[in-house]
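# Structure assessment
Single-letter residue listing:
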Amino acid sequence: LFRKRLWGGSFTEIFKRFGWPLCWLEHLSLHNETGLDPPGIRVRAVSGLVAADYFAPGYFVWAVLIQNLARIGYEGKNMYMAAYDWRLSFQNTEIRDQALSRLKSKIELMYVTNGSKKVVVVPHSMGVIYFLHFLKWVESPPPMGGGGGPGWCAKHIKAIMNIGPAFLGVPKAVSGMLSAEARDIAVIRAVAPGFLDSKFLRLQTLEHVMRVSRTWDSIVSLMPKGGETIWGNLDWSPEEEHDCDSAKKRYLQCSLSEKNTNHSNEKRGFQAKERMKYGRIISFGKAASELPSSQLPTLGSKELLRTSTSSNSDASCGEVWTEYDEMSRESIQKVAENKAYTARTLIDLLRFVAPKMMQRAEAHFSHGIAENLDDPKYAHYKYWSNPLETKLPEAPDMEIYCLYGVGIPTERSYVYKLSPSDRCNSIPFQIDTSADGSDGGGCLKGGVYFVDGDESVPVLSAGFMCAKGWRGRTRFNPSGIATYIREYQHKPPASLLEGRGVESGAHVDIMGNVALIEDVLRVAAGATGAELGGDRIYSDIIKMSERINIRL
């Protein structure tokens, strides 16, 4: 296995080498207590442009953008892929691999060898909050920071073009941690058919996925940030007026001809829509996702105390240990009895069901909103990747872009149920796929409530900081760095010949979106946000941001 690829590339090849996916999963796991290498295994990020040009043969990630940048004169000396081990907490990539120091040196070298021209940074998805961490790290004093001093960012960075930014987290990180159910597994199924089939992993695929992913601290970096202020409480949420039916119509209309659009409003009724309670990120039972909060039981976090159980795993199931194996049936029952969880109470829930993971990861990440950003405690690295607990650098000439797709139903909250209590299933909760909206319409489908987004990141998480949190001079953006929102209305590929589409707004496919590529090329060629035309907005991000009451 020496110097062989473990992630991406051809999964068929991978499994020929490993002979058994369990061995592969073991290699992808990190140490349960340190979050670093397990004994005897060293897996490292691939370096160079090949690290993430393609995920699998024919499945591009950065390849199309690289090719287009090459057309306008970019090459090895002025284009660099900053690959990092995305399983680790951000600070641990520096502790183990010196990844942040290498990125700092690389930017300094490119600046010096290209006539003191500043760099344009283009992070994607989790890479966006990783680079936010870097911005704070690079100017902070050692040993915790990189020692670049104030002014380093202003001197070296022209613009940061964040693609599909998960600034405020993603609700599906929660369903991933709770029950290892996430749409992304479907992507792996598409790229590697048969890989997740039970004949490989016996019948416990999700248990294996959970056991491995809970060793990755980075997963916790994607938890919803900003609590109920951002994500809503039991009764309110910034997206509560989102109308899925008209959004769905728009989505379908995009793929139809534009001829009939002027009739689209004829049949719009006047009955008041039931407001969705998106703030309840996890509800046990459909009723709990809809009832007035006064009818829900309240459970203080003190009551969620684990009563551990003697190990009840049955050897014939195969030993797939998850932290759930240490919970008693009463504890599990108690979780479901507290019918609904918001972004604030979710953290208690996760500390309860995954104490080891949360204890390890909460030393590296934080999910609140800072009261006073001048408090010395915010000099600690655990706050650096949360835009609501850190200040942007003093760099008034820098620009920050939020570039993301809209118009695709995106997971926002979930209806759960207790799993049937057979002994071989050690994950006690699962999404209730039988829960659907009334009359087949609405935002609830298969146990998931959907809002507008790019299929992975809701508009709220991708756009809020550029729309409001950092707009103008704020306590989060003291030097008033200019921010721009560029949204890309999703259009599915017109035919199979288009592959994944040239106007896609989907989280990864957007990397082949011609309008996005044009925006990146123009900035890389020297244009400013104003020259691009400023904001381009299709979603309700401005309205949503106005509904959020946060001190700026």
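Throughout this document, residue positions are counted from 1 along each chain, in the order its sequence is written. Reporting in this predicted model follows two pLDDT cut-offs: at least 70 for local features of residues, and 80 or more for side-chain atom pairs to be given and counted; totals over whole chains, interfaces and linings ignore these cut-offs and use all residues. Hydrogens and water molecules were not included; the side-chain quantities draw on all heavy atoms of the structure.

## Focus on the overall build of the protein chain
For clarity, the cut-off: Secondary structure counts use DSSP, requiring at least four H or I residues in a row for a helix and at least two E residues in a row for a strand, with both numbered from the N terminus. Exposed residues in this analysis have more than 50% of their type's maximum accessible area, buried residues have under 20%, and partly exposed residues fall in between, with area computed by a 1.4 Å probe over protein chains only. What makes two residues a contact is simply this: any of their non-hydrogen atoms within 4.5 Å. Using a 1.4 Å probe, accessible areas were evaluated by the Shrake-Rupley method; residue-level cover was limited to the displayed protein chains.
Counting its secondary structure elements, the protein chain contains 22 helices and twelve strands. Across the 552 residues of the protein chain, 53% fall into the buried class. Expressed as a percentage of contacts within the protein chain between residues at least 6 apart in sequence, the contacts between residues at least 24 apart total 74%. On the protein chain, roughly 24,500 Å² of surface is accessible, and the fraction owed to carbon and sulfur atoms is 54%.

## Details of the pairing of strand E11 (residues 448–453)
Basically, it comes down to this: Here, strands pair whenever DSSP counts at least two bridges between them.
Among the six residues in E11, six count as buried, and that is most of the element. Here six bridges tie strand E8 (residues 408–418) to E11, and the two strands are oriented antiparallel to one another. Bridged to Thr 410 within E11 is Val 451. As paired strands, strand E10 (residues 444–445) and E11 are joined by two bridges and run antiparallel to one another. Its bridge partner lying in E11, Lys 445 is registered against Val 448. In textbook terms, the turn of a hairpin is the stretch between consecutive antiparallel strands, and for E10 and E11 this stretch comprises two residues, one of which, Gly 446, has a positive phi near 60°.

## Comments concerning the state of the cysteines
For clarity, the cut-off: To count as a disulfide, a pair of cysteine sulfur atoms needs to be within 2.5 Å.
Summed over the entire model, instances satisfying the criterion amount to two disulfides. Residue Cys 244 pairs covalently with Cys 443 via a disulfide, S to S 1.7 Å. Across the disulfide from Cys 244 to Cys 443, rotation about the S-S bond amounts to roughly 110°, and the bridge is consequently right-handed. Of this pair, Cys 244 sits in helix H14 (residues 244–255) while Cys 443 is found in the loop between strand E9 (429–431) and E10, placing the two residues 199 residues apart along the sequence. Given a relative accessible area of 8%, Cys 244 falls into the buried group. Bridging Cys 402 to Cys 466, the disulfide has an S-S length of 2.1 Å. The disulfide joining Cys 402 to Cys 466 has a torsion of about 75° about its S-S bond and is therefore right-handed.

## Quick notes on the sheet that holds strand E7 (residues 399–406)
Formally: Only C-alpha atoms enter the line fits that serve as axes; for helices the fit covers just the stretch in contact. Angles between N-to-C directions range over 0 to 180 degrees.
An order of E3-E4-E7-E12 is seen for the four strands of this open sheet, with the pairing classed as parallel. One side of each edge strand has no neighbouring strand; the edge strands of this open sheet are strand E3 (119–121) and strand E12 (482–489). Going across the sheet, the axis of each strand differs from the next one's by a mean of 15°, ignoring polarity. Across the sheet, helix H20 (residues 514–524) is in contact with E3, strand E4 (157–163), E7 and E12; its angle to E4 comes to roughly 170°.

## Let's talk about the packing of helix H3 (residues 63–71) against H20
Packed helices, taken two at a time, are described by the angle their axes make and the gap between the axes. Just so we agree on the cut-off: Oblique is the label for any angle not covered by the other classes, which are roughly parallel (under 35 degrees), roughly antiparallel (over 145) and roughly perpendicular (65 to 115). If you view the pair so one helix is near and one far, a crossing is left-handed when the near helix is turned anticlockwise from the far one by less than a right angle, and right-handed when it is turned clockwise.
Packing of H3 against H20 brings their axes to within 10 Å, and their N-to-C directions diverge by 40°. The orientation of H3 with respect to H20, classified from their angle, is oblique. As H3 packs across H20, the resulting crossing turns out to be right-handed. Side by side, H3 and H20 meet where Val 64, Leu 65, Asn 68 and Leu 69 of the first sit next to Ile 517, Val 520, Leu 521 and Ala 524 of the second.

## Observations concerning the side chain of His 367
Locating His 367 in the fold gives a position in the loop between helix H18 (355–361) and E7. Look past the residues within four positions of His 367 in its chain and what remains in contact with it is Val 220, Met 223, Pro 224, Lys 225, Gly 226, Gly 227, Ile 347, Asn 386 and Glu 389.

## Remarks on the confidence of the model for the protein chain
The cut-off we apply is this: Summary of the metric used: pLDDT quantifies the predictor's per-residue confidence within the range 0 to 100.
This prediction gives the protein chain a mean pLDDT of 88; 86% of its residues lie at or above 70. Low pLDDT (under 50) marks residues 257–272, which in the prediction has four contacts with non-local residues, meaning those over four places away or in another chain. Residue range residues 310–316 is modelled with pLDDT below 50. Its contacts to residues more than four positions away, or to other chains, number four contacts.

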